Amino acid sequence: MQTFTNQASLSYNDTIVNSNITVGQITATLSITKTALRDEYAAGDNVTYVISIVNSGTTSFSGLTLTDDLGGYLTPAATRYPLTYQPDSLRYYVNGVLQTTPAVAAQQPLTITGVSVPAGGNAILVYEAEANGYAPLGEESSILNTVTLSGGGLSTALTANETVTPVLGPRLSITKSLSPTSIPENGQITYTFLIQNTGNAAAEADDNVVMRDTFLPILEGLTATLNGVVLTEGAGYTYDETTGLFATTPGTITVPAATFVQDPATGLWSTTPGTAVLVVTGTV
């Protein structure tokens, strides 16, 4: 709702008389909302946004422009956009019927032109944006992005925003290596398991991380360490010398969260994984 005022003046014989001040209001008939279908993201994920425009008036609107700032923020070098519009993902519905896709005039910020909303009707725009290298991933991070609807006879631009946050939790991967790769009979070998966490939360004991491997050939005289600390069979791991099945006990392995650092010059985020190293040695 927009308020306006007016005042008249009357002049005569070098005298000016002012009228009373009239007050009026322009009632908005368009409203806009923005919703993310999923309010969490991980690096490289696509976030799907739904923009809903409702016209409660008796006059249609055409030639509207929708602008999405894609969460842009300033760095010392430039404005960085943590979301990248995905080309050809835009869908445009009027009163629930799919329409010809309006023009995408720019992608950073995203600018869509030629949007229309019929009297007493609605328009819905759906599109995807990827969380890119400028998207923060830390536990307390978020991306706030705003859409602005303007033009087409609107007296005041309309805005709506949505906030999405990184997926909270550990993201584990494991790499296995063997040393040496060529050994004599009755020789000793060592398996090293590097467990990495690129997530923003630690893998704790109650996450029940378990590493299993069936050693072939079967190992004898097995020893195991985790981050340099000797594990005790039964408490830290189990091993079946008849099948070669090795497994750590639930909760033995914990992995710290990753750390995230933003380059002050480029604005790009880098990830340093949290790690745990399991070493198993035995004789073949």
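One can find the structure itself at the top, above this paragraph.
Just so we're clear, the structure is a prediction, and the values are computed from it rather than from any experiment.

(A) Geometry of a nonpolar patch on the surface. A surface patch of nonpolar side chains, amounting to about 290 Å² of accessible area, comprises Leu 10, Tyr 12 and Val 17. Tracing the backbone shows Leu 10 in strand β1 (residues 2-12).

(B) Spotlight on the pairing of strand β18 (residues 188-197). Only one face of β18 is buried, namely the one carrying Ile 189, Tyr 191, Phe 193, Ile 195 and Asn 197, since none of Gln 188, Thr 190, Thr 192, Leu 194 and Gln 196 on the opposite face is buried. Of the pairings in the sheet, the one linking strand β17 (residues 172-179) to β18 comprises 8 bridges and is antiparallel in character. What sits directly across from Ser 173, in β18, is Gln 196. Here β18 pairs with strand β26 (residues 274-283) via 10 bridges, running antiparallel. For Tyr 191, the partnering residue across the bridge sits in β26 and is Val 280.

(C) Structural context of the sheet that holds strand β12 (residues 103-107). Read from one edge to the other, the open sheet built from 6 strands follows the order β4-β16-β15-β6-β13-β12, with strand pairing classed as mixed. Two strands close off the open sheet at either side, each with one partner strand: β4 (40-41) and β12. Two elements, strand β6 (residues 61-68) and strand β15 (residues 143-151), share 5 bridges in a ladder whose sense is antiparallel. Along β15, the bridge assignment pairs Asp 68 with Val 147.

(D) Spotlight on unusual backbone geometry. Here the amide bond leading from Gln 108 into Pro 109 is cis, since omega sits at -5°, within 30 degrees of zero. Among the structural elements, Pro 109 can be located in the loop between β12 and β13 (110-117). Of note, Asn 13 is a non-glycine position whose phi angle comes to about 45°, a positive value. Tracing the backbone shows Asn 13 in the loop between β1 and β2 (15-26). Even without being a glycine, Leu 70 presents a positive backbone phi close to 50°. The buried category is assigned to Leu 70, whose relative accessible area is 0%.

(E) Up close: the packing of aromatic side chains. Following the criterion strictly, the structure yields 7 aromatic pairs and no others. Taken together, a centroid distance of 6.2 Å and an interplanar angle of 45° make the contact between Tyr 49 and Tyr 127 tilted. Here Tyr 49, found in strand β5 (residues 46-55), pairs with Tyr 127, found in strand β14 (residues 122-131); they are 78 residues apart in sequence, far enough to count as distant. Tyr 127 gets classed as buried once you look at its relative accessible area, which sits at 1%. Ring geometry for Tyr 85 and Tyr 127: centres 6.3 Å apart, planes at 65°, overall edge-to-face. Of this pair, Tyr 85 sits in strand β9 (residues 83-85) while Tyr 127 is found in strand β14, placing the two residues 42 residues apart along the sequence. Each of the two residues, Tyr 85 as well as Tyr 127, counts as buried. Each residue in the set Tyr 191, Phe 193, Phe 215, Tyr 237, Tyr 239 and Phe 246 is aromatic and connected to the rest through ring pairs, giving one cluster. Directly above the aromatic system of Tyr 49 lies the positively charged group of Lys 34, at a separation of 4.4 Å from the ring centroid.

Calculation notes
- Residues numbered from 1 in each chain as written.
- Predicted model: local features only at pLDDT ≥ 70, side-chain atom pairs only at ≥ 80, totals over all residues.
- Heavy atoms only, no water.
- Patch = residues over 30% accessible without salt bridge, like charges linked within 9 Å, V, L, I, M, F, W, Y side chains within 5 Å.
- Areas by Shrake-Rupley, 256 points an atom, 1.4 Å probe, with all protein chains shown as cover.
- Salt bridge = Lys/Arg side-chain N within 4 Å of Asp/Glu carboxyl O.
- Helix = DSSP H or I, 4+ residues; strand = E, 2+ residues; numbered from the N terminus.
- Buried < 20%, exposed > 50% of the residue type's maximum accessible area, 1.4 Å probe, protein only.
- Pairing = 2+ DSSP bridges.
- Phe/Tyr/Trp six-rings, centres within 6.5 Å; stacked < 30°, edge-to-face > 60°.
- Lys NZ or Arg CZ within 6 Å of the ring centre and 35° of its normal.

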